[in-house]
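Tertiary structure, described
So the chains spell out like this:
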Amino acid sequence: MAAAQFAPIAANVAEDVGADAVGLTAGIAENVTATTDQAADRAKMEEKARESALDSADRCDQLEVEVPGVIELRRSAAGAPVYRELRLSDSLDERQWIPIADNETTADGWRPAVNFLQMNFSPPLGAVVPETASSFLAYTPSQFISVADGDRFAAMASNFGKPVGTFTWNGQYYHYVVTSTLPCFPPPPERIAEDGPPPGF
């Protein structure tokens, strides 16, 4: 009789122990799965980072071979829009974007952007000249006359971004894109654009 009375209790204890064991096993399995998933996710992220680094290196190599036209736009201390042309330095060890200066620019390559902004930009360019810092405009001919033209367009699109519009200069059409940073290599040293007209202007 006593054994019969304790039978339901023993059954309940067995059920609880069994349920706990199942729960514990499931919890361990979930933890193992979560850990495995985290490791897999981390491996995927590392692989993407490696691919991105390789892709970035390829893009920068492409940019060194065929550099699109690059213009730096900003406002002078007086608020007037100015620009300068940039190119890559000749040093292979320390590649850097540097300004192109001549007798029609300041020593740092700056010149008034009055005529530049009137080159039939579509969409209009005036809104992208920032109040502070700089914007960078990359451009290539719209019509590919040589293989190099196509390579420059590809270098522009992969490093600066897809073209956002066109402009005309000397009767030719050009694609352009505007960014807030220069790709791959350090920008020119920070300089304040001078207010006075460049020599010979």
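Residues numbered from 1 in each chain as written. Predicted model: local features only at pLDDT ≥ 70, side-chain atom pairs only at ≥ 80, totals over all residues. Heavy atoms only, no water.

Now for the nonpolar core. Of all hydrophobic cores here, the largest spans 14 residues; its most connected members are Leu-63, Val-70, Leu-86, Trp-97, Phe-160, Leu-182 and Phe-185. Secondary structure elements with two or more residues in this core: helix 1 (2-65), strand 2 (81-88), strand 5 (135-141) and helix 2 (147-159). Counting 12 residues, the second-largest nonpolar core is a separate cluster that includes Ile-71, Leu-73, Ala-113 and Tyr-174. (Core = buried A, V, L, I, M, F, W, Y, C linked by side-chain atoms within 4.5 Å. Buried < 20%, exposed > 50% of the residue type's maximum accessible area, 1.4 Å probe, protein only. Helix = DSSP H or I, 4+ residues; strand = E, 2+ residues; numbered from the N terminus.)

Okay, helix 2 next. Relative to the 18 Å expected for 13 residues at 1.5 Å per residue, helix 2 spans 18 Å between its end C-alpha atoms, a close match to the ideal helical length. What helix 2 keeps buried is the set Asp-149, Ala-155, Met-156 and Asn-159. Relative to the axis of helix 2, the buried residues are bounded by an arc of 125° and lie together on one face. With its phi angle positive at about 125°, Gly-161 sits one or two positions after the end of helix 2. (Expected span 1.5 Å × (residues − 1). Arc of directions from axis to C-beta.)

The element strand 5 is extensively covered by neighbouring structure, given that five of its seven residues are classed as buried. Pairing geometry for strand 1 (residues 69-75) and strand 5, over five bridges, is antiparallel. Residue pairing in the sheet places Ile-71 in a bridge with Leu-137 of strand 5. Direction of pairing for strand 5 relative to strand 7 (residues 172-179): antiparallel, over a ladder of six bridges. Bridge assignment links Leu-137 to a residue of strand 7, and that residue is Val-178. (Pairing = 2+ DSSP bridges.)

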